[in-house]
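A look at the structure
Spelled out from the first residue to the last, the chains are:
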Amino acid sequence: MPAPAYNAGIRLLPNAVTVLALCAGLSAVYFALSGRFELCTAAVGAAALCDALDGRLARLLDASTRIGAELDSLADLVSFGVAPALVLYIWALEGSRFGWIVALVFAVCMALRLARFNTLIDVEDEYPFTKEFFVGVPAPAAALSAGLPLYLTLHFGPGWWSAPLLVGLWALAVAALMVSRLPTLSFKTVRVPQKYIAPLLVLVGIAAALLITAPFLGLAIVAVLYLGLIPYSGYLHRWLTRHPEAWGVPVRERRAVARAARSARRLGLRSPLRRRVAGRASAMARAVRRFGDDPAGAMQRRMPNGRAPGPAQVPRNRLRLGLRRVRRR
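A brief report on the enclosed structure follows. (Residues numbered from 1 in each chain as written. Predicted model: local features only at pLDDT ≥ 70, side-chain atom pairs only at ≥ 80, totals over all residues. Heavy atoms only, no water.)

Quick notes on the packing of aromatic side chains
Both the distance between ring centres and the angle between the ring planes are used here to describe each pair of aromatic rings. Taken as a whole and judged by the stated rule, the model has five aromatic pairs. Where Tyr 30 meets Phe 31, the ring centres are 5.6 Å apart and the plane angle is 55°; that geometry is what we call tilted. Here the aromatic rings of Tyr 89 and Trp 100 are separated by 5.3 Å at their centres, their planes lie at 70°, and the arrangement is edge-to-face. Note that Tyr 89 is positioned in helix α4 (residues 66-93) and Trp 100 in helix α5 (residues 99-121), a separation of 11 residues in sequence. The class for Tyr 89 is buried, based on a relative accessible area of 19%. Every member of this aromatic cluster is reached through a ring pair, and the members are Phe 156, Trp 160 and Trp 161. (Phe/Tyr/Trp six-rings, centres within 6.5 Å; stacked < 30°, edge-to-face > 60°. Helix = DSSP H or I, 4+ residues; strand = E, 2+ residues; numbered from the N terminus. Buried < 20%, exposed > 50% of the residue type's maximum accessible area, 1.4 Å probe, protein only.)

Right, dumping it as structure tokens:
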């Protein structure tokens, strides 16, 4: 069935949403200059919502273009890098010596994080499950996490969490998470099992009620929960790299693979071949192709005196792989 054709106006809709995200990020700086930090948080949240919609609209309408991808990166840099840095500087860091340095470091780390993301798009994935993870904390999540001291201040009032030194250190820590190599979950690929849909909808309703009645406390809880998922993301990534048998399995069925692996360990069974075992087998195959069926005989024919080569004359690859002399039949 051919894809439906959309007119030019509809195909421009994703870029229009991206421009709205850019305007929302700049509006956060405007509200910060006016001292209305509640509206700053709302503006950054609107930018995050637009950022989540523009890519899906582009894929739905088949309107993905090069200019749209570049515009999206520039909008993310302004909305989630420059705007949060300026908001934190105006709110708590303006009177300190290192405040402007913190703002610059946060914005530069956001630019580096987006540049790395754009370069990784054209790189071939190392593992089949690579698309399920981000490298480092993504831009919207970093902006959400950086505003944690501000959320607590808007809900509870000033306290130890609003001290300029702590705010600056927290912003630097989030900046380090952005440019780190830590794997973080990509919620775009998360699939919820059928039996968990109803409880998840209940949790969504509770979260919506919390965001309506106490929005800043709700944002703080969401930021803490997301940061708490980072160790689990690292564990899941390491588990998948060590279990190739789960690479081609749908996400909802990996729990059964994990149970089978635990049962095999309890029974003392040998785990499936891993990459290093497959790599050693490939190296042995390359050595056999290079020296033939009789590597030692080939080396002896090449010696000018006809003597067998000594251990120092045998290639290091053969010694390291432990290849033995194979007699011809």
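What about the packing of helix α6 (residues 139-146) against helix α7 (residues 148-156)?
Relative to each other, α6 and α7 sit at 45°, their axes nearing to 5 Å. With respect to α7, the element α6 is oriented oblique. Where α6 approaches α7, its residues Ala 143, Leu 144, Ser 145 and Ala 146 are matched on the opposing element by Leu 148, Pro 149 and Tyr 151. When grouped by side-chain class, the residues that make up the contact of α6 with α7 number six nonpolar, one polar and no charged. (Axes fitted to C-alpha atoms, helices over the stretch in contact; angles between N-to-C directions. Parallel < 35°, antiparallel > 145°, perpendicular 65-115°, else oblique. Contact = heavy atoms within 4.5 Å. Nonpolar A, V, L, I, M, F, W, Y, C, P; charged D, E, K, R; others polar.)

A look at the nonpolar core
Soluble globular proteins: nonpolar side chains tend toward being buried together. Judged by nonpolar contacts, the single largest core of 40 residues is most densely connected at Phe 37, Phe 80, Val 87, Trp 91, Phe 106, Met 110 and Met 178. Per-element accounting of this core gives the leading share, nine residues, to α4. Among residues more than four places away in sequence, those in contact with Phe 106 are Phe 80, Gly 81, Pro 84, Ala 85, Ala 142, Ala 146, Ala 171, Val 174, Ala 175 and Met 178. Phe 129, Phe 133, Leu 185 and Leu 240 belong to the second-largest nonpolar core, a separate cluster that totals seven residues. (Core = buried A, V, L, I, M, F, W, Y, C linked by side-chain atoms within 4.5 Å.)

Observations concerning empty space enclosed by the protein
One pass over the full model with this rule turns up one cavity of 30 Å³ or more. Of the voids in this model, the largest cavity is the one considered here, and its volume is about 110 Å³. Forming the boundary of the largest cavity are Cys 40, Thr 41, Val 44, Pro 84, Val 87, Leu 88, Ala 143, Ala 146, Gly 147, Leu 150 and Tyr 151. Those elements giving two or more residues to the lining of the largest cavity turn out to be α3 (37-60), α4, α6 and α7. Across the lining of the largest cavity, the residue classes break down as nine nonpolar, two polar and no charged. (1 Å grid on protein atoms, 1.4 Å probe; cavity = no way out; pocket = protein on both sides within 12 Å on 5 of 7 lines; lining within 4 Å. Points joined across faces, edges and corners; volume = space filled by probe spheres on them.)

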